[in-house]
Amino acid sequence: MKDEEGLATDEENNQPIEEKEAEPEEEKKEKKKERGLWLDAWQDPLAGVRAFSGALDLADIQGDGDHKLLIADASRKLKVFCGQSLVSENPLLDTPCAIASFYMDYNEPVRRPAVAVAAGPYIFIYKNLRPYYKFTLPPMEINQIESDVWSNLRNGKIAIQAVIFTMTYIQHTHTHTYNTHTHTHTTHTHTHIQHTY
């Protein structure tokens, strides 16, 4: 129906119907930009992968030119994906925090990289996706003041602000001590060189 002004009206509500204006080309381009340039080639919400970016790597582990996605999963498994399928899954002895692939031998006719997985105090090295070597990192001496601060915080005996202040103090003191030792070592070296000449 049309009312007296000649506008189309909604029969039930007796209100004018607003005509939708066509979107300008600029707005369409902006919406496309907002969507981003990346396309989802594959997405699997049920894959059950829990890993940070440092635990992901791409490597040609079989030397055939086809790079596989390696994931050191938080569930203590080394997962290898080829395309959309899970190729292999190897157990890890500890929760991983990083992964990297590298070449150990350049004399092989088919170059296959080894895979290093950092987990706990160890670096596990896999060759052909089989355990090859375990490197144990040397133990580090824990600062007793820092250990006491964390213990007091866990037991609720210290406030957060005090923790921040103490950790900042430890960091500053440690850095200053390191720089002093380095400077002393350099001075001794220069003295030794001067005496030799």
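Keep in mind that what you see is a predicted model, and the values were worked out from it rather than measured.

1. Thoughts on the sheet that holds strand β6 (residues 114–119)
Spatially, the four strands line up as an open sheet ordered β5-β6-β7-β8, and their pairing is antiparallel. Looking along the sheet, the strands with just one partner apiece sit at the ends: β5 (96–102) and β8 (130–136). On average, each strand axis in the sheet is tilted by 20° relative to the strand beside it, whichever way the strands run. Where β5 meets β6, six bridges bridge the pair, whose relative direction is antiparallel. Within the sheet, the bridge partner assigned to F102 lies in β6 and is A114.

2. Digging into the packing of aromatic side chains
Note on aromatic pairs: each is described by the distance of the centres and the angle between the planes. Within the structure shown, the criterion is met by one aromatic pair. Summarising the aromatic geometry, the rings of Y122 and F124 are spaced 5.7 Å apart at their centres and angled 45° between planes, so their arrangement reads as tilted. A relative accessible area of 7% means that F124 is categorised as buried. Over the ring of Y103 we find R111; its NZ or CZ atom is 4.2 Å from the centre of that ring. Sitting over the face of the ring of Y122, K134 holds its NZ or CZ atom 4.6 Å from the ring centroid.

3. Let's talk about the sheet that holds strand β1 (residues 56–59)
Spatial strand order, β1-β2-β3-β4: four strands in an open sheet with antiparallel pairing. Looking at strand neighbours, the two that pair on one side only are β1 and β4 (85–91), the edges of this open sheet. Direction aside, the axes of adjacent strands within the sheet are offset by 20° on average. By the bridge criterion, six bridges tie strand β3 (residues 77–82) to β4 in an arrangement that is antiparallel. Paired with V80 across the strands is S88, a residue of β4.

Criteria and thresholds
Residues numbered from 1 in each chain as written. Predicted model: local features only at pLDDT ≥ 70, side-chain atom pairs only at ≥ 80, totals over all residues. Heavy atoms only, no water. Pairing = 2+ DSSP bridges. Helix = DSSP H or I, 4+ residues; strand = E, 2+ residues; numbered from the N terminus. Axes fitted to C-alpha atoms, helices over the stretch in contact; angles between N-to-C directions. Phe/Tyr/Trp six-rings, centres within 6.5 Å; stacked < 30°, edge-to-face > 60°. Buried < 20%, exposed > 50% of the residue type's maximum accessible area, 1.4 Å probe, protein only. Lys NZ or Arg CZ within 6 Å of the ring centre and 35° of its normal.

Read these as geometric descriptors, not functional statements.
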